[in-house]
Amino acid sequence: MAFVTPAGVFRRRDLVSCDGWLDKVSQWIGDEQYEDVGVDVPGLEVVDLKKSFLRKEKGKKGKRKRKEIVHALNGVSFTAERGQIYGLLGPNACGKSTTMKCIGSINAADSGTIRVFGVDVSKQPYKARQMFGYVHQDAGVDKILTGREHLDLFADLAHVDTARKEQNTEDLITALRMENFIDLETGVYSGGIKRRLDIALAMVHQPGLLLLDEPTTGLDVESRAIIWDLLREFRGNGGCVLLTSHYLEEVDTLADVVGIMDKGSLIASGTTAELKASLGGTRVQIRIEEFTSQTEAERALEHLKAKGAIRQGLINPGLGNALELVIPANRDTSDAVEILLRDAGFESMFSVSKSRMSLGDVYLTATGRSLQDADRIAQAARDPKQTKSEQIL
Ligand SMILES: Nc1ncnc2c1ncn2[C@@H]1O[C@H](COP(=O)(O)OP(=O)(O)OP(=O)(O)O)[C@@H](O)[C@H]1O
């Protein structure tokens, strides 16, 4: 686990074992980190970001190790303004965390530019870190310290003066409703409370940009609602947020602008309303039978494709092999599809439902896969050893 603090990036082992660590940190921070920046620059600018990894597979005795280059980011560009939540959406392994890690200066990008409030992250990392707070994908708190001790430590690392530290700490404890937990060792915290503390740690030095890598994955409903409220308040005060998520609903609800990532590239971006409107079609779900066989569902889908009746379509095994279809705007929607299916010998439908486009449909239309399917494929392709080493980091 890495802690990203304004003073640098540290591993958990540094935190527990390094004597005199704070003194060392003090030498690394200069006063220039605290200079004000212009108010007109965007919170975050990412230009043509590229990053590849060399993935090495450990060979068995006597056998060669296999090496493979993974192009995690293929030139990603986007801008997030102040007072805006920018949601990065995409399946496993599409490059969301790598984007975050490059912005957060955990990974060095191969090429491209990242500016946080106008400050180039690769040229002035310490200054940039003063301006953002980073919440890692996995909870990054230490078991042996209390929540308050963590906050104290992180505020000290950022050289927050005592009065401001006390005020910020109290504000965050109240906003995240942590009063009953803050003086307990974090070893006894539930996942939701740990996550709330993680967010408090990222905000204790009052950054202008928050980088949140899947902040609510697996959280209870209460913690999620509390975090959402805090993010809305932060945005309302002019803060800028970059958020990655697997949850369509979260991005749809929170984000002002959404970037959809696939295979290391940003394939679409805009407000959720713009993205949905750009599709200009209708979403239809058809269940031929309550439980349609895979063969019959495939035959029906092929028939609709051959007739040019749909723009995208897939079979949903989780719903009795239902057909999930995107029908172009100029087509007469579900009735025409039903007639075509009847022509192909499918007598009556178990159910037919129409809806407006969702963010999931935007993804489906852009990639030809549902987000869930893309997740499953990426999960299967991912190297388990590398995944483990990323988790340890
Ligand atoms: N340190 C690393 N070494 C080798 N490959 C890596 C490393 N970090 C990431 N990758 C690879 O880069 C690609 C993008 O990974 P990344 O973690 O950015 O995806 P993601 O979209 O955040 O997925 P998830 O939601 O599962 O975290 C993946 O193929 C991943 O295996």
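Residue positions are given per chain, counted from 1 along the sequence in the order it is written. Confidence filtering applies because this is a predicted model: local features only for residues at pLDDT of at least 70, side-chain atom pairs given and counted only at 80 or more, and all residues used for totals across whole chains, interfaces and linings. Side-chain metrics rest on all non-hydrogen atoms present in the structure, leaving aside hydrogens and water.

Under an unreviewed UniProt entry, the protein has the name Probable ATP-dependent transporter ycf16 and belongs to Rhodosorus marinus. For the protein, the Sequence similarities (unreviewed entry) comment in UniProt is given as "Belongs to the ABC transporter superfamily." UniProt positions are given in the numbering used here, feature names are shortened, and annotations may be inferred rather than shown by experiment.

Student: Is there a simple way to think about the packing of helix H5 (residues 147–157) against helix H6 (residues 162–175) in this case?
Tutor: The N-to-C vectors of H5 and H6 enclose an angle of 135°; their axes lie 11 Å apart at closest approach. Classified by the interaxial angle, the pair formed by H5 and H6 is oblique. Crossing of H5 against H6: the hand is right-handed. The segment H5 lies against H6, with Arg148, Leu151, Asp152, Ala155 and Asp156 engaging Lys165, Thr169, Glu170 and Ile173. Charged residues are taken to be Asp, Glu, Lys and Arg, nonpolar residues to be Ala, Val, Leu, Ile, Met, Phe, Trp, Tyr, Cys and Pro, and polar residues to be all remaining types, Gly included. Its residues assigned to classes, the contact of H5 with H6 shows three nonpolar, one polar and five charged. Only C-alpha atoms enter the line fits that serve as axes; for helices the fit covers just the stretch in contact. Angles between N-to-C directions range over 0 to 180 degrees. By definition, any uninterrupted DSSP run of H or I lasting at least four residues is a helix, any uninterrupted run of E lasting at least two residues is a strand, and each is numbered from the N terminus. Oblique is the label for every angle not falling under 35 degrees (roughly parallel), over 145 degrees (roughly antiparallel), or within 65 to 115 degrees (roughly perpendicular). What makes a crossing left-handed is the near helix being turned counterclockwise from the far one by less than a right angle; a clockwise turn instead makes it right-handed. Here, two residues are considered to be in contact whenever any of their heavy atoms come within 4.5 Å of each other.

Student: Any chance you could explain the sheet that holds strand E3 (residues 44–57) here in plain terms?
Tutor: Strands in a sheet are paired, the pairing made by backbone hydrogen bonds, and the direction either parallel or antiparallel. Two strands form a pair only when DSSP identifies at least two bridges running between them. Strand order in the open sheet formed by four strands is E4-E3-E6-E7, and the pairing between neighbours is antiparallel. For this open sheet the edge positions go to strand E4 (66–80) and strand E7 (119–120), each flanked by a neighbour on one side alone. Note that strand E6 (residues 111–116) and E7 share two bridges and pair antiparallel. In the sheet register, Arg115 faces E7, and the bridge partner there is Asp120. Sheet strands in contact with helix H3 (residues 96–103) are E3, E4 and E6, and its direction is about 115° off that of E3.

Student: Mind showing me how you'd approach the domain arrangement of the protein here?
Tutor: When the parts of a complex come together, some accessible area is lost, and that lost area is often taken as the interface size. Reported domain spans reflect what an automatic or database domain assignment gives. The domains assigned to the protein are domain 1 (44–276) and domain 2 (281–356). Look at where the C-alpha atoms of domain 1 and domain 2 centre, and you get two points 39 Å apart.

Student: Just checking my understanding: could you explain the sheet that holds strand E8 (residues 132–135) for this structure?
Tutor: One open sheet accounts for six strands, arranged E8-E9-E10-E5-E11-E12; its pairing is mixed. Only two strands of the sheet have a single neighbouring strand rather than two, namely E8 and strand E12 (265–270). Here the average twist between neighbouring strands, direction ignored, is 15°. Here four bridges tie strand E5 (residues 84–89) to strand E11 (residues 257–262), and the two strands are oriented parallel to one another. Across the sheet, the residue bridging to Tyr86 is Val257, located in E11.

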